[in-house]
There are 2 protein chains.
Amino acid sequence: MSRTVRLDPSDNVETAVEAIAAGAIAAGTTAREPIPAGHKIATRAIARGEPIRKYAQIIGYAAEDIPAGSHLHTHNVEFRNTDVAYEFGTDLRPPKPPARQDSFMGYRRENGSVGTRNYIAIVTSVNCSATAARRIADAFGPEELAAYPNVDGVVAFVHGTGCGMGGDGEGFEALQRVMWGYARHPNHAGVLMVGLGCEMNQIDWLLEAYGLKQGPLFQTMNIQNVAGLRRTVEMGIEKVKAMLPLANAARRTPCPASELKVALQCGGSDAWSGITANPALGYACDLLAAQGGTGVLAETPEIYGAEHLLTRRARDEATGQRLIGLIRWWEDYTARNRGSMDNNPSPGNKKGGLTTILEKSLGAAAKGGTTPLNGVYRYAEPVTARGFTFMDSPGYDPASVTGQIAGGCTLVCFTTGRGSAFGSKPAPTIKVATNTALFERMSEDMDINAGSILSEGVSVEEKGREIYEMFLSVASGAQSKSEAQGLGDYEFVPWQIGAVM
Amino acid sequence: MSRTVRLDPSDNVETAVEAIAAGAIAAGTTAREPIPAGHKIATRAIARGEPIRKYAQIIGYAAEDIPAGSHLHTHNVEFRNTDVAYEFGTDLRPPKPPARQDSFMGYRRENGSVGTRNYIAIVTSVNCSATAARRIADAFGPEELAAYPNVDGVVAFVHGTGCGMGGDGEGFEALQRVMWGYARHPNHAGVLMVGLGCEMNQIDWLLEAYGLKQGPLFQTMNIQNVAGLRRTVEMGIEKVKAMLPLANAARRTPCPASELKVALQCGGSDAWSGITANPALGYACDLLAAQGGTGVLAETPEIYGAEHLLTRRARDEATGQRLIGLIRWWEDYTARNRGSMDNNPSPGNKKGGLTTILEKSLGAAAKGGTTPLNGVYRYAEPVTARGFTFMDSPGYDPASVTGQIAGGCTLVCFTTGRGSAFGSKPAPTIKVATNTALFERMSEDMDINAGSILSEGVSVEEKGREIYEMFLSVASGAQSKSEAQGLGDYEFVPWQIGAVM
Ligand SMILES: [Ca+2]
Ligand SMILES: [Ca+2]
Ligand SMILES: [Ca+2]
Ligand SMILES: [Ca+2]
Ligand SMILES: [Ca+2]
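Rules of the game
Residues numbered from 1 in each chain as written. Chains lettered and ligands numbered in written order. Predicted model: local features only at pLDDT ≥ 70, side-chain atom pairs only at ≥ 80, totals over all residues. Heavy atoms only, no water. Donors = N, O, S within 2.8 Å, 3.2 Å for Na, K, Ca; no water. Helix = DSSP H or I, 4+ residues; strand = E, 2+ residues; numbered from the N terminus. Buried < 20%, exposed > 50% of the residue type's maximum accessible area, 1.4 Å probe, protein only. Arc of directions from axis to C-beta. Contact = heavy atoms within 4.5 Å. Pairing = 2+ DSSP bridges. Phe/Tyr/Trp six-rings, centres within 6.5 Å; stacked < 30°, edge-to-face > 60°. Lys NZ or Arg CZ within 6 Å of the ring centre and 35° of its normal. Least-squares fit on C-alpha atoms with pLDDT ≥ 70 in both. Disulfide = S-S within 2.5 Å. Salt bridge = Lys/Arg side-chain N within 4 Å of Asp/Glu carboxyl O.

1. Side note on the coordination of the calcium ion (ligand 5)
Residue and element names in this part refer to chain B.
Moving on, step 1. Taken together, the protein ligands of the calcium ion (ligand 5) are Gln265 (OE1), Cys266 (O), Glu299 (OE), Gly395 (O) and Asp397 (OD), with distances of 2.2 to 2.4 Å.
Moving on, step 2. Along the chain, the residues donating to the calcium ion (ligand 5) are arranged with the sequence spacing Q-C-x32-E-x95-G-x1-D.
Moving on, step 3. A separation of 3.2 Å is found between the calcium ion (ligand 5) and the calcium ion (ligand 4), both of which receive a donor from Cys266. Taken together, the positions of Cys266 in strand β17 (residues 261–266) and Glu299 in the loop between β18 (294–297) and α8 (300–303) put the pair 33 residues apart, joining distant regions of the chain. Glu299 shares its class with Cys266; the two are buried.

2. Here we look at helix α4 (residues 203–210) of chain A
All names here are of chain A.
Moving on, step 1. Along α4, the positions that sit buried rather than exposed are Ile203, Leu206 and Leu207. Down the axis, α4 shows its buried residues gathered within 100° of arc, on one side only. In this structure, α4 carries Glu208 and Ala209 as exposed residues pointing more than 90 degrees from its buried face.
Moving on, step 2. Buried residues along α4 sit against α3 (170–183), β14 (188–195) and β15 (218–222).

3. Focus on the sheet that holds strand β8 (residues 71–72) of chain A
Residues and elements named next belong to chain A.
Moving on, step 1. With respect to topology, four strands assemble into an open sheet ordered β1-β2-β5-β8, the strand pairing being antiparallel. Because the sheet does not close on itself, it has two edges, and the strands there are β1 (4–5) and β8.
Moving on, step 2. As defined by bridge partners, strand β5 (residues 40–42) adjoins β8 across two bridges and the pair is classed as antiparallel. Across the sheet, residue Ile41 finds its bridge partner in β8, namely His71.

4. A short note on the packing of aromatic side chains
Moving on, step 1. One pass over the structure, following the stated rule, counts 26 aromatic pairs over all chains.
Moving on, step 2. Note on Trp329(B) and Trp330(B): the rings are 5.6 Å apart at their centroids and 80° apart in plane angle, and the pair reads as edge-to-face. Per residue, the accessibility class of Trp329(B) equals that of Trp330(B), and both read buried.
Moving on, step 3. Connected via pairs of aromatic rings, a cluster forms that spans Trp329(A), Trp330(A), Tyr333(A), Tyr379(A) and Trp495(A).
Moving on, step 4. Positioned above the aromatic ring of Trp180(A), the side-chain terminus of Arg184(A) is 5.7 Å from the ring centre.

5. Quick look at the relation of the copies chain A and chain B
Moving on, step 1. Between the two copies, chain A and chain B, the superposition gives an RMSD of 0.1 Å; the rotation angle is 180° and the shift along the axis is 0.0 Å. Expressed as a symmetry operation, the mapping of one chain copy onto the other fits a two-fold axis. Every residue of chain A has its C-alpha some distance from the rotation axis, and the shortest such distance is that of Arg336(A), at 2.9 Å.
Moving on, step 2. Both copies present the same face, since 100% of the interface residues in chain A are matched by interface residues at the equivalent positions in chain B.

6. Remarks on the state of the cysteines
Residues and elements named next belong to chain B.
Moving on, step 1. In total, this model carries zero disulfides over all chains according to the counting rule given.
Moving on, step 2. Not engaged in a disulfide, the cysteine Cys163 finds its nearest cysteine sulfur in Cys198; these two sulfurs lie 6.3 Å apart.
Moving on, step 3. With no disulfide of its own, Cys413 has Cys285 as its nearest cysteine by sulfur position, at a separation of 10 Å.

7. With respect to the pattern of salt bridges
Moving on, step 1. The full count for this structure, using the stated rule, is 50 salt bridges over all chains.
Moving on, step 2. One salt bridge connects Glu359(A) with Lys40(A), and the closest N-O pair in it is separated by 2.9 Å. Of this pair, Glu359(A) sits in helix α12 (residues 357–365) while Lys40(A) is found in strand β5, placing the two residues 319 residues apart along the sequence. Summarising the burial analysis for this pair, Glu359(A) and Lys40(A) share the class buried.
Moving on, step 3. One salt bridge connects Glu381(A) with Arg378(A), and the closest N-O pair in it is separated by 3.6 Å.
Moving on, step 4. It is possible to trace a salt-bridge network through shared partners that takes in Glu170(A), Asp332(A), Arg336(A) and Arg338(B).

Written as structure tokens, this is what we have:
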């Protein structure tokens, strides 16, 4: 009998753990055709128009009469926008008080925030200062930093936007929030902002809007004022050199786990994401919330279709309504841009067995665990609530993580089924494989194997605790695999909203 | 008497060459208030609602009654969308046949195209392979390339997009055209494409759509297939090593100037752009067109308001209608994104004295000279016509130049008034300063001083010939200033159209 997974007794589908041959006995029926691993088999006959249920939830509708044992996928399952009656706070499950107060070794900053790393950042306002910023950062290799062992590095945050855009509106505001978020990030001991001078995203406006003042560990410069690339680079290097001894004076001290802010992320999802890695990460998020720490779910298009489950978890109606507001904004945003909210499963997702955005959404939302939703934020907005929270962002990994880090996340936990070589700075990324084959194939990139939930019968709770323990150790300075490989210099991608002009 | 410039006898404004004090005699009147250099003074009283004329063209309307000698700027000049009756081919001025056939030393490729440089390119499909691509390129420094003196370098083209996007439509198609344009660029001797594997912008789809075949000098790889970052980088380095001896076999040979394709670009414009550097570049474009070479104007929002002058130069109605089609698309694009076509003058532009998009448009279009408009192209589309052509793009420098290079431009000529540290690969950028003060201040970044048209009375034609001669020498291998500084590794920015999901 071929191995399958049923997620709820009321489901009419099961998921193939291994490829099922045509004619094989599986899911209490006989496979009518080959079912690839991770794909769905109909456990009974499903009439045209009937809902397809997984996680006890509707993931789509039968596009035709489907006999038992059929392969269920895009060819015979259709997506429909449905009207849902939203409920607020009707499913509040506060975390269990923890047995002990956990802690990690963090950098406590003057303003009370707590970092997990100690970088100096070169933040750019526009692509026109990208090369200047890279050159400044490149001047600080292992040799130049040898005398400053407490400094984790000098990083350039370089991007493709910052001009040819409106000087107000959501796109402009989102970019300014990203810059501000990186400027005040607790993983940054010092910040040098570098611009061109005539860009739309003016550094001076940012300083004014956010009341930022220059000081020994916060400096700004524009190429046009400094009169050229070479001199900008030279002056920038001098400014960073002056910051190094001050940054090096920072020391790790014991800090409660309540000071941790973890970005919850997935990318290159497969059919196992929602069955292994995401529920395990959700359990880790529950443990963190119990400590008073913060988990930040994001990727609004990826929870589309599951938002009614999240509003039931909202601590109050205002918080739930903010989430619905984001959903409505996205429907308008994609319509304006001649897309639709069903665009999301990528070719890789579909190959892995995910059929509709609703199916993917339920699996993606599993990363957020079960505790109350205590805050909903715009992209890159400072996250101030504790416990489980949500931030608006695209699903696209680098753009989403950039917003989460700008919001104050000091760690990233990233689940992947198809495989990803993602890494991030200044907050390091922990990568969780959804299946054992991937973990073994990309062993140099994956930190944790949630595939053992299927291959070795490890429980979701055990795996969740393993992830949570890694939060504490990586927050204390242990290197994740992507961090040890030095990733994170090219993955800073502020979400670009609106027209490029 | 303060120095001013009048551009046409019918104008009612002049432009201050130096700052004019209140009460000073200037432009045949008395300045009522201080006029900054580059800003406009009213040469006579202008009634509310009356047109403001510069270049004999309407650049805006008086928002109030304006006495002679007033400072004319955003506070008293307003922008209006106007209906224009388009004419086609009514202003055809073919270039004068040249006295001699000019030539340069270029790389003639097997398919007949001619390059000005000889690079090996690492082209990425998605941000998820950015670090892998950088690591591969970084392995080829001066030491590793010493044995291959004819190879100009190994360059990674890395960007922030490629997934979280629709799998069809204009945004997807534009990105695939960019990739295809870089893959077949005549300045590339060899190309390695690197992807993740599950991204929306699939390398395999691209190969299929464009009929590309792998070979010794064209290779592709995906991180997910190769099983991790380190192995991808190692394998990529091996692939590039195998290309080096083949790429090094290329030799420069004499090629006619008709094989040159020059991207015409401006960024950080000031009030001098349209008076010095742009008309001089326009004259260089006329000289190039006379040789049968190609100039590619772009930056559609920046010629908005001057499109009726370009349609008169269109070689036929179909060509002119394509331009109008682009204009209509932009009106819709900006409206959908809650912007307007008057967003364009940046804070820097306004500080420099440019009041409306119409004024800027006339100055920007001057880069295209006076010869017939022989072709109109979509963003990143292969430019096949000779002479003066137009390509749709945003004004934003890196996004616009990326499209021009994808379209086949092998040189870029970039005018700037406020100053820019822009540079590009694989096509090098020549930078032209619009004013002498900028040229002197950023002497290490500027190749040519068009400010001498004002400060030393050099003619536009003399300056245009100087620019044209530099086209030929840089095309033959002489380094421009930005090229000598190594710029171009971080300025590859495919235009992102549509929603990021
Ligand atoms: Ca995801
Ligand atoms: Ca993601
Ligand atoms: Ca290199
Ligand atoms: Ca421009
Ligand atoms: Ca430009």
